[in-house]
Amino acid sequence: MMNRKKIYRQAAAALLCCAALCLSSCGVLLLNNPVGDPSTESTDTQTLEPNSDFHVVENDYSAQLNRFVKDLSGEKYGGASVKIASTKSSSIVPDETVGTTMSEELLRRNNYVEELLDVSITTAQADPQIMLDEIQAAVRSGAYYADLIEIPQSYISIYGAAGALMNLQSLPGLNYEAEYFNATGTSAACGGDMIYGLTGYASLNPDALSAVFFNKTLLEELQLESPYALVDRGEWTMDKYLEYTAALSSLDGEYYSYAAQNTAVYLPDLLFFSGGQRLTQSTPGAYPYINFNATDTADLFTKMSAIVYDEHGFGNAVAGIGAFDSGNTLFLIDRLSTMETIANSSTDWGILPLPKYSAEQENYLSLAYYEDALFFAAVPTISDVQKASDVLMALNITSYGITTDAQVRNATYLYLRDNDSIRMLDIILKNAVYDFAYTFANSNNAIPSATFSAVRNTTGGISSLQRYLDMWGGYFENAMYQLFSVS
């Protein structure tokens, strides 16, 4: 049997023959089916043979892109070098670790930005702490370090406190309210008069997002409606999820309702956000504030507790993925990177967004994990603020929709097994949400205590949400006055 990389190269060749990567974002999608010995472990190096069905997906973003480029200054920079320092530089300039589909997309994007602005993009990679040390040394000496940096969300407050970040509002002409930046990301990375970072289509890290993987064979045995149809109708809700897990009791044998491994610690957070809630709200020029209350979230917490503390859940976070892979677990709530782990599983699986609170809720939402979510920022010693502003916007403008489509194609070639999962992954990637509480959690103990710690402990029945808000709400407010200033 051919190895996965060989199949991927063949698939990518088919893609390139069928459609060029361009601003209209045309792509060919290849589906995988499980084959071989059903006892094969998910860690087996054998790969799945692709079937012969190709799905062509066309998304035309040209109207948006033509509108967005008007935000740029119109300056040309005479072939000037643009250095972007990143903790994951391959997300900007691909290296040998990046697959063909994503390499082609990143090169397309970079070439377009370089032609648009007449610049040359280079990258440098560093551990976040080493990068911070280097930036601090550059700031002390007044030396240039990079035009832009890209760092994890969890490091933004650390860099900010160390004086390593400039206020992005100082970049001339920067339209931080544009569609190609994530609005919740802007809220997550600002406080008072400062905007510390921005995230958008160019910095979206799929591995920071989570999903619900489901056992298609078990659902067929239960004779339940496909959850794909529920998602399409806007009816994939927490009540439906609980209805499906309750139906397992009708089967003979020992079955688990769900498992979680990488997401086990922050599973309540994922459900809180997928239920349409936010922990905080922060806008430029104002103090951040807590954005939820005990009354409006009471029923949501009841459903969250029923999901997280289901007595039929697997319960062993260390082996959660293995439990799902064994075939006797209905749902696996875990990171999108889990697709790689279970790509060769004998269990026939599909993928879904996390359930909504109710059918009336508008979107399916996926909270980005703060250790892996990436944000662009700038250091105080950049040499050309107009160039940095244009590059930051241009990268995200030329990534709008197109890079996400490439991420879906990449997963389709390597991992996904049906056409419906392709649509589900697209929903997840295009509905990422971020929150200020995770960005500044290490700045003051009141921030986590009044927000995600309160959510986790209320879900677990340790105490009531109102008690946490009463205890920590005032401290949170005082912390905002200490950390930020408003002119």
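Not measured: the values here are computed from a predicted model.

Another point: the overall build of the protein. Counting its secondary structure elements, the protein contains 20 helices and 16 strands. Taking as baseline every contact in the protein between residues at least 6 positions apart, the subset at least 24 positions apart corresponds to 81%. Of the accessible surface of the protein, which amounts to about 18,800 Å², a share of 48% is contributed by carbon and sulfur atoms.

Further remarks concern the pairing of strand β5 (residues 148–152). Most of β5 is tucked away: five of the five residues are buried. Pairing geometry for strand β3 (residues 80–86) and β5, over three bridges, is parallel. Bridging across to β5, S86 finds its partner in E150. Across four bridges, β5 lies against strand β15 (residues 374–377) in antiparallel orientation.

Before going further, it helps to examine the layout of surface pockets. Of the volumes computed, that of the second largest pocket is approximately 310 Å³. As for the second largest pocket, its lining consists of 17 residues, and the residues nearest its centre are F181, N182, Y201, K430 and A432. Listed by contribution, the elements that provide at least two residues to the lining of the second largest pocket are α6 (183–188) and β16 (432–433). Its residues assigned to classes, the lining of the second largest pocket shows eleven nonpolar, four polar and two charged.

The next thing to look at is the pattern of salt bridges. Counted according to the given criterion, the structure contains 17 salt bridges. Here K216 ties to D348 by a salt bridge, and the two come within 3.5 Å at their closest N and O atoms. Placement of K216 in helix α7 (residues 216–222) and of D348 in the loop between α13 (338–341) and β13 (349–352) is noted, with a sequence separation of 132 residues between them. Residue classification places D348 among the partly exposed positions, given a relative accessible area of 25%. Taking the shortest distance from any N to any O, the salt bridge between K240 and E243 comes out at 3.5 Å.

What follows is about the nonpolar core. Core analysis: the largest hydrophobic core is formed by 145 residues, its most contacted members being I149 and M339. The element contributing the most residues to this core is helix α14 (residues 385–397), with seven residues. Excluding residues within four positions of it along the chain, M339 makes contact with F213, W349, I351, A411, Y415, L416 and L425.

What follows is about helix α15 (residues 402–414). Between its terminal C-alpha atoms α15 stretches 19 Å, which fits the 18 Å expected from 13 residues at 1.5 Å a residue. By the criterion of burial, α15 is predominantly enclosed, with 13 of the 13 residues buried.

For the coordinates displayed, the defined rule picks out 28 aromatic pairs. With 6.4 Å between their ring centres and 65° between their planes, W236 and Y244 make a pair best called edge-to-face. Comparing W236 with Y244 shows no difference in burial state: the two are buried. With centroids separated by 5.7 Å and ring planes inclined at 55°, the aromatic side chains of W472 and Y475 adopt a geometry described as tilted.

Maximum bend of helix α20 (residues 465–483): about 45°, positioned at W472. Of the positions making up α20, those classed as buried are L465, Y468, L469, G473, F476, A479 and M480. Buried residues in α20 make contact with β10 (280–281), β11 (289–290), α11 (294–308), α17 (436–439), α18 (446–450) and α19 (452–459).

Another point: unusual backbone geometry. Positive phi, normally seen in glycine, also occurs at D118, with a value near 55°. Looking at where D118 falls in the secondary structure, it is placed in the loop between α3 (100–117) and β4 (119–125). Of the residues examined, D118 reaches a relative accessible area of 34% and is grouped as partly exposed. Notably, Q223 is not glycine yet its phi reads approximately 55°, a positive angle. Along the chain, Q223 falls in the loop between α7 and α8 (227–233).

Let us now look at the environment of F273. Structurally, the position occupied by F273 is in helix α10 (residues 267–274). Residue F273 is classed as buried on the basis of its relative accessible area of 1%. Considering only alpha carbons, one finds F273 and L367, 94 residues apart in sequence, at a separation of 6.2 Å. In contact with F273, other than residues within four places in its own chain, are R278, L279, L365, L367, V433, D435 and Y438.

So, how was this worked out
- Residues numbered from 1 in each chain as written.
- Predicted model: local features only at pLDDT ≥ 70, side-chain atom pairs only at ≥ 80, totals over all residues.
- Heavy atoms only, no water.
- Helix = DSSP H or I, 4+ residues; strand = E, 2+ residues; numbered from the N terminus.
- Contact = heavy atoms within 4.5 Å.
- Areas by Shrake-Rupley, 256 points an atom, 1.4 Å probe, with all protein chains shown as cover.
- Buried < 20%, exposed > 50% of the residue type's maximum accessible area, 1.4 Å probe, protein only.
- Pairing = 2+ DSSP bridges.
- 1 Å grid on protein atoms, 1.4 Å probe; cavity = no way out; pocket = protein on both sides within 12 Å on 5 of 7 lines; lining within 4 Å.
- Points joined across faces, edges and corners; volume = space filled by probe spheres on them.
- Nonpolar A, V, L, I, M, F, W, Y, C, P; charged D, E, K, R; others polar.
- Salt bridge = Lys/Arg side-chain N within 4 Å of Asp/Glu carboxyl O.
- Core = buried A, V, L, I, M, F, W, Y, C linked by side-chain atoms within 4.5 Å.
- Expected span 1.5 Å × (residues − 1).
- Phe/Tyr/Trp six-rings, centres within 6.5 Å; stacked < 30°, edge-to-face > 60°.
- Bend = angle between axes of the 7 residues up to and from the residue.

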